[in-house]
Amino acid sequence: LRRARLIKNEEEIKAIRAACVIDEIAMDRALRAVEDGRTELEIAGIIDYYFRKHGAESSSANPFVGAGDYPQLGYLTPSNKVIRHGELVRIDIGCAYGGYYSDFSRSVFVGEPNAETKHIYGIVKAGLEKASMAVRPGVMNYDLFAVCDEAMREASDGRYGMEWWFLGHGLGVGIHEDPMIGREGSVEAFTLEEGMYFCLEPCITIPGRGMVGLEDDMIVTSDGVEILTRTEFCLTMSDHGIVA
């Protein structure tokens with residue numbers, strides 16, 4: 001059964017694509033709503049509304065909206081914490097359509113980020129992009145972790161790499177399926193094959209600011225990868241075309 005669920009067929013991929021589109025609609029509305037004075041729960045409510053409005057059967061979990069240092073306290077659900085100027089807000093959400101899940105994230109800064117925050121955002125983005133470009137049939141799942149870690153270290157002159165053993169996970173009728181993507185020796189080894197569906201989600205935590213976490217969903221194709229979540233990478237609300 002685990003093996004059968006690894007490879008998605010054409011009909012499964014149709015449902016997956018729909019789930020990703022709905023997820024991106026909700027993400028767009030959530031990013032537009034981020035501002036000083038709103039709470040994490042308010043943003044989560046907007047996400048849930050747009051999930052239902054556009055046909056999602058369920059959310060993968062409570063929409064994760066984490067502002068500032070609060071996510072470091074171990075909370076995995078949004079709270080009544082008020083979003084403040086000078087904080088990073090990570091939004092990590094997923095929904096089901098036709099029984100299949102999406103799951104991706106973006107991070108946005110409230111206000112004007114300093115040079116360090118901009119630099120770290122670029123490091124995480126470089127890691128995700130390089131690892132995504134490395135996806136193709138025949139590659140080992142743990143090789144993606146190594147590519148991401150190396151790209152982040154190269155972009156930061158060795159200062160930053162992957163914070164944890166974990167980079168991503170398979171998706172399907174469950175939110176955490178095979179293949180798990182992580183450090184060699186920490187995950188079960190899988191050779192990537194056409195039709196595998198998973199997400200990659202590197203992150204770096206900035207004390208006093210919050211977490212830069214970027215995540216995309218993707219499917220292994222016959223000769224590479226198709227990125228299914230196409231929401232642009234923008235650190236500030238003005239980059240998203242939103243005037244604070």
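As a starting point, this report considers the structure included with it. (Residues numbered from 1 in each chain as written. Predicted model: local features only at pLDDT ≥ 70, side-chain atom pairs only at ≥ 80, totals over all residues. Heavy atoms only, no water.)

**Thoughts on the overall build of the protein chain**
Here is step 1: Within the protein chain, the secondary structure is distributed over 5 helices and 13 strands.
Here is step 2: Against the compact-globule benchmark of 18 Å for 244 residues, the protein chain has a radius of gyration of 17 Å, which places it among compact chains.
Here is step 3: In terms of principal-axis extent, the alpha carbons of the protein chain reach across some 45 × 45 × 30 Å.
Here is step 4: When each of the 244 residues of the protein chain is scored for burial, the buried share is 55%.
Here is step 5: For the protein chain, the share of sequence-separated contacts (at least 6 apart) that also reach a separation of at least 24 residues comes to 67%.
Here is step 6: The protein chain carries 24 positive and 39 negative side-chain charges, and their two centres are separated by 2 Å. (Helix = DSSP H or I, 4+ residues; strand = E, 2+ residues; numbered from the N terminus. Rg over C-alpha atoms; globule rule 2.2 N^0.38 Å. Buried < 20%, exposed > 50% of the residue type's maximum accessible area, 1.4 Å probe, protein only. Contact = heavy atoms within 4.5 Å. Lys, Arg positive; Asp, Glu negative; His and termini not counted. Charge placed at Lys NZ, Arg CZ, Asp CG, Glu CD.)

**Notes on the packing of aromatic side chains**
Here is step 1: For the coordinates displayed, the defined rule picks out 2 aromatic pairs.
Here is step 2: Ring geometry for Y49 against Y50: centres 4.9 Å apart, planes inclined by 90°, an arrangement best described as edge-to-face.
Here is step 3: Residue Y49 is classed as partly exposed on the basis of its relative accessible area, which comes to 47%.
Here is step 4: Classification of Y50 by relative accessible area gives buried; the value is 18%.
Here is step 5: Both rings, one in W165 and one in F166, keep their centres 5.6 Å apart while their planes meet at 75°; by these two values the pair is edge-to-face. (Phe/Tyr/Trp six-rings, centres within 6.5 Å; stacked < 30°, edge-to-face > 60°.)

**Regarding the pattern of salt bridges**
Here is step 1: Counted according to the given criterion, the structure contains 20 salt bridges.
Here is step 2: Note that E188 and R2 form a salt bridge whose closest N and O atoms lie 2.7 Å from each other. Placement of E188 in the loop between β8 (177–182) and β9 (197–200) and of R2 in helix α1 (residues 2–6) is noted, with a sequence separation of 186 residues between them.
Here is step 3: Among the residues examined, E188 registers a relative accessible area of 45% and is labelled partly exposed.
Here is step 4: Looking at R2, the relative accessible area reads 48%, which means it is partly exposed. (Salt bridge = Lys/Arg side-chain N within 4 Å of Asp/Glu carboxyl O.)

**Section: helix α2 (residues 10–33)**
Here is step 1: Between its first and last C-alpha, α2 extends 35 Å over 24 residues, near the 34 Å set by a 1.5 Å rise per residue.
Here is step 2: Between the side-chain oxygen at the start of α2 and the backbone nitrogen of E11 there is a gap of 3.1 Å, and the oxygen is on N9. (Expected span 1.5 Å × (residues − 1). Polar contact = N/O pair within 3.5 Å; in protein donor to acceptor, adjacent residues only side chain to side chain.)

**Re the packing of α2 against helix α3 (residues 40–53)**
In a pair of packed helices, the angle between the axes and the distance between the axes together describe the arrangement.
Here is step 1: The interhelical angle for the contact between α2 and α3, taken along N-to-C directions, is 150°, at an axis separation of 9 Å. With respect to each other, α2 and α3 are oriented roughly antiparallel. For the pair α2 and α3, the sense of crossing is right-handed. Contacts between α2 and α3 involve I22, D23, I25, A26, R29, A30 and A33 from the first element and I43, I46, I47, Y50 and F51 from the second.
Here is step 2: Across the contact of α2 with α3, the residue classes break down as 10 nonpolar, no polar and 2 charged. (Axes fitted to C-alpha atoms, helices over the stretch in contact; angles between N-to-C directions. Parallel < 35°, antiparallel > 145°, perpendicular 65-115°, else oblique. Left-handed = near helix turned anticlockwise from the far one by under 90°. Nonpolar A, V, L, I, M, F, W, Y, C, P; charged D, E, K, R; others polar.)

**Observations concerning the sheet that holds strand β6 (residues 104–109)**
Here is step 1: Pairing within the open sheet is antiparallel, and its 3 strands lie in the order β2-β3-β6. If you trace the sheet from one side to the other, it starts and ends with β2 (64–67) and β6, each paired once. Neighbour to neighbour, the strand axes of the sheet diverge by 15° on average, direction disregarded.
Here is step 2: Summarising the sheet, strand β3 (residues 88–93) and β6 pair through 6 bridges and their orientation is antiparallel. (Pairing = 2+ DSSP bridges.)

**Focus on the pairing of β6**
Here is step 1: Most of β6 sits out of view: 6 of its 6 residues are buried.
Here is step 2: In β6, alternate side chains face the same way, and those of F104, R106 and V108 on one face and S105, S107 and F109 on the other are all buried.

**So, the side chain of D23**
Here is step 1: Structurally, D23 can be placed in helix α2.
Here is step 2: It is R106 that comes nearest to the buried, bridge-free D23 among opposite-charge side chains, at 9.4 Å.

**Description of the pairing of strand β7 (residues 166–170)**
Here is step 1: Across the 5 residues that make up β7, a large majority, 5, are buried.
Here is step 2: Here β7 runs beside β8; their pairing, made up of 3 bridges, is antiparallel. Residue pairing in the sheet places F166 in a bridge with G182 of β8.
Here is step 3: Counted between consecutive antiparallel strands, the loop separating β7 from β8 contains 6 residues.
Here is step 4: The pairing of β7 with β9 spans 3 bridges and is antiparallel. Residue pairing for β9: G170 is matched across the bridge by F198.

Purely spatial values, then, with no claim about function.
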